[in-house]
Amino acid sequence: MTGITKELVDECENDNCQSEIVEGQEVWRKGFGLYCSGRCLAESMGAVTITIN
Ligand SMILES: [Zn+2]
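Residues numbered from 1 in each chain as written. Predicted model: local features only at pLDDT ≥ 70, side-chain atom pairs only at ≥ 80, totals over all residues.

Colleague: I would appreciate a short explanation of the overall build of the protein chain in the present structure.
Modeller: The secondary structure content of the protein chain amounts to one helix and four strands. Element order for the protein chain, N to C, with α for helix and β for strand: β-β-β-β-α. Relative to a compact globule of 53 residues, whose C-alpha radius of gyration would be 10 Å, the protein chain shows 13 Å and is clearly more extended. Overall, the protein chain is about 45 × 25 × 15 Å in size when its C-alpha atoms are taken along their principal axes. The 53 residues of the protein chain split such that 11% are buried. Taking as baseline every contact in the protein chain between residues at least 6 positions apart, the subset at least 24 positions apart corresponds to 17%. (Helix = DSSP H or I, 4+ residues; strand = E, 2+ residues; numbered from the N terminus. Rg over C-alpha atoms; globule rule 2.2 N^0.38 Å. Buried ≥ 20, exposed ≤ 12 C-beta atoms within 10 Å, placed from the backbone. Contact = placed C-beta atoms within 7 Å.)

Here you go:
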């Protein structure tokens, strides 16, 4: 433990992620769901990251 404990609010709605979302963190919200990043939000909507060759 680092000694600084931020209150755990929720976890990322993306099943592949489920990162802890803590007080003060900037997150993405869709409906009642919270996502730790725009990437997680996009993934939850079925979007995937690809590389264009
Ligand atoms: Zn996430």
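Colleague: Help me understand the environment of I52 in this model?
Modeller: Note that I52 resides in the segment after α1 (38-44). Along the sequence, I52 and K6 sit 46 residues apart, while their C-alpha atoms lie 39 Å from each other.

Colleague: Help me understand unusual backbone geometry in this model?
Modeller: With the exception of glycine, most residues fall at negative phi, and the peptide bonds are largely trans. Positioned with a positive phi, Q18 is a non-glycine residue whose angle comes to about 55°. Assessed through the 12 C-beta atoms surrounding it within 10 Å, Q18 is described here as exposed.

Colleague: Could you clarify how one ought to interpret the nonpolar core in this entry?
Modeller: Generally speaking, a soluble globular protein has its nonpolar side chains buried in company with each other. Residues C12, Y35, C36, C40 and L41 constitute the largest nonpolar core, which totals five residues. Discounting residues that sit within four places of it in the chain, Y35 has contacts with C12, E13, N14, V27, W28, K30, C40, L41 and S44. (Core = buried A, V, L, I, M, F, W, Y, C linked by C-beta atoms within 7 Å.)

Colleague: So what exactly am I meant to see when it comes to the environment of Q25 here?
Modeller: On the secondary structure map, Q25 appears in the loop between β2 (20-22) and β3 (28-30). C-beta crowding within 10 Å serves as the criterion here: with 13 such atoms nearby, Q25 is assigned to the partly exposed category. In this structure, the C-alpha to C-alpha distance between Q25 and K6, residues 19 residues apart in sequence, is 9.6 Å.

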